[in-house]
Amino acid sequence: MRLCLIGYGRVGYGFVRVLHRHGGWLAQRFGFAPRIVAVHDLRRGTVLAPAGLDLARLAAAWEENRDLGELGERGPGLDAFAVIRESEADVVVELTPTDLRTGEPAAGHIRFALASGKHVVTTNKGPVALFGKELLALAREHGVQFRFEGTVMAGTPLFSLVDFGLAAPIRRVRGILNGTTNFLLTAMEAGRTYAEALAEAQRRGYAEADPTADVEGHDALAKIVILANLVLEGDLRPSEVPCRGITGLDPAEVRRAPREGFRWKLVAEARRSADGVVAQVGPERLPLSDPLAQVGGALNALTLELDPLGAVTLVGPGAGPEVTGHAVLADLLAIHRGLR
Ligand SMILES: NC(=O)c1ccc[n+]([C@@H]2O[C@H](COP(=O)([O-])OP(=O)(O)OC[C@H]3O[C@@H](n4cnc5c(N)ncnc54)[C@H](OP(=O)(O)O)[C@@H]3O)[C@@H](O)[C@H]2O)c1
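What comes next concerns the included structure.

About the cut-offs
Residues numbered from 1 in each chain as written. Predicted model: local features only at pLDDT ≥ 70, side-chain atom pairs only at ≥ 80, totals over all residues. Near = placed C-beta within 6 Å. Helix = DSSP H or I, 4+ residues; strand = E, 2+ residues; numbered from the N terminus. Nonpolar A, V, L, I, M, F, W, Y, C, P; charged D, E, K, R; others polar. Buried ≥ 20, exposed ≤ 12 C-beta atoms within 10 Å, placed from the backbone. Contact = placed C-beta atoms within 7 Å. Core = buried A, V, L, I, M, F, W, Y, C linked by C-beta atoms within 7 Å. Domains from an automatic or database assignment. Pairing = 2+ DSSP bridges. Axes fitted to C-alpha atoms, helices over the stretch in contact; angles between N-to-C directions. Arc of directions from axis to C-beta.

Neighbouring the ligand are 26 residues, the closest being Gly7, Gly9, Val11, Arg43 and Asn124. Where the shell around the ligand is concerned, the elements lending two or more residues are helix H1 (10-30), strand S2 (35-41) and helix H12 (321-339). Sorting elements by how many residues they give to the shell around the ligand places H1 first, with three residues. A per-class count over the shell around the ligand returns 11 nonpolar, 11 polar and four charged.

Right, dumping it as structure tokens:
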């Protein structure tokens, strides 16, 4: 399997490191030995290497902030579309930054790659939340796969569970889909102010310098729209889903709730209703008996409800370069096994 990486930031680097560490095991266990034949990144440059790049050197180039052009035969001057076309890759791994309003630049790259007959794996929520069904249809039309395990709960397997482990329709999903806000709420409950909790989250790398997308609920909104449309078979646009973040919560109330048998969480929910699939994001005061109330810190969790299982709750990491890189690798392995 030949791979072309579009976007080589934190997740790209995490993916390369995980592949480097577990490549031997993957080859032995599954006969799976992917080669990275092209990388294109706005900041770090471009390289084409038909024989495959050395993973240790590729990781070192990221750590030392060196131009990727030094690693291969050619590359400089090509844009993403030319790299996708000329790399002869079987799979395009799209890892550019998320734009929840337009889905670009990823949406354009993904459409082009699928229409060229290449599989696509992405961790970018924008194109999946906005155009997920269209992109899946395009993939089917061209006989290739479009996979996005890393878009929700990062490397904690969710779509593969839904695709391969369940045999009945899911009625409802509800979960903690944003680790940053969960970390903030946990810290506030322990007595920190909102500003202190945010500063600590930023120090630990959980929160961006501009935390708006997390604390206003937009990140959780994109993820619940993905689940509503692609798991519950709904047809929602992000702008139609009611969304409140955590900035309006009273910190004293967050601290007091556990003494009364409750805990505040930012909950994203999607469910089938008489009016079709509906979704919402907002803070909820959950009883401590709810499994979601027991999930603290930067973890994510999702409860799936279906007949005859009742409720199944997944808990795991929802962000981080290597954790998200693992989702990319799991998607590639699924394609490899499907191709066989
Ligand atoms: N980090 C996580 O834990 C995590 C978890 C789940 C999902 N994700 C998603 O995964 C994707 C990648 O995340 P990340 O953390 O790796 O982001 P990142 O560190 O910002 O890396 C993205 C890279 O893509 C480059 N880029 C921007 N526009 C491009 C274009 N048109 N063509 C080629 N390269 C371009 C960026 O260059 P510039 O810096 O010069 O713009 C940057 O080097 C995002 O969509 C993110 O939302 C991330």
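As a further point, take the environment of glutamate 216. Within the secondary structure layout, glutamate 216 lies in the loop between helix H9 (212-215) and helix H10 (218-230). The exposure class of glutamate 216 is partly exposed, given the 18 C-beta atoms found within 10 Å. Spatially, the C-alpha atom of glutamate 216 lies 14 Å from that of glutamate 284, the residues being 68 residues apart in sequence. In contact with glutamate 216, not counting residues within four places along its chain, are Gly245 and Thr247.

The biggest cluster of nonpolar side chains holds 102 residues, and the ones touching the most others in it are Cys4, Ile224, Val225 and Leu227. Per-element accounting of this core gives the leading share, nine residues, to H10. When residues of this core are sorted by domain, at least three fall in each of domain 1 (2-155 + 321-339) and domain 2 (164-317). Sequence-distant contacts of valine 225, that is, excluding residues within four places in its chain, are made with Ala129, Leu236, Pro238, Val241 and Ala279.

With antiparallel pairing, the five strands of this open sheet are ordered in space as S9-S8-S7-S10-S11. The open sheet terminates on both sides in strands that have one partner only, identified here as strand S9 (276-287) and strand S11 (310-317). The average angle at which neighbouring strand axes cross in this sheet is 20°, direction not considered. Set on the sheet, helix H7 (residues 179-189) makes contact with strand S7 (170-176), strand S8 (262-273) and strand S10 (299-306); between it and S8 the angle comes to about 150°. H10 rests against S7, S8 and S9 of the sheet, and its axis sits at about 30° to S8.

Glancing now at the pairing of S10. Examined bridge by bridge, S7 and S10 share six bridges and lie antiparallel to one another. Within the sheet, the bridge partner assigned to valine 173 lies in S10 and is leucine 304. In terms of strand pairing, S10 meets S11 through eight bridges, oriented antiparallel. Paired with asparagine 300 across the two strands is glycine 316, which belongs to S11.

To continue, consider helix H2 (residues 55-63). Among the residues making up H2, those that are buried are Leu58, Ala61 and Trp62. Mapping the buried residues of H2 onto a view down its axis gives an arc of 100°, with all of them on the same face. Pointing more than 90 degrees away from the buried face of H2 are the exposed residues Ala56, Arg57, Ala60 and Glu63. Looking at the buried side of H2, the elements it contacts are H1 and S2. Among the residues trailing H2, asparagine 65 stands out with phi positive, at a value near 55°.

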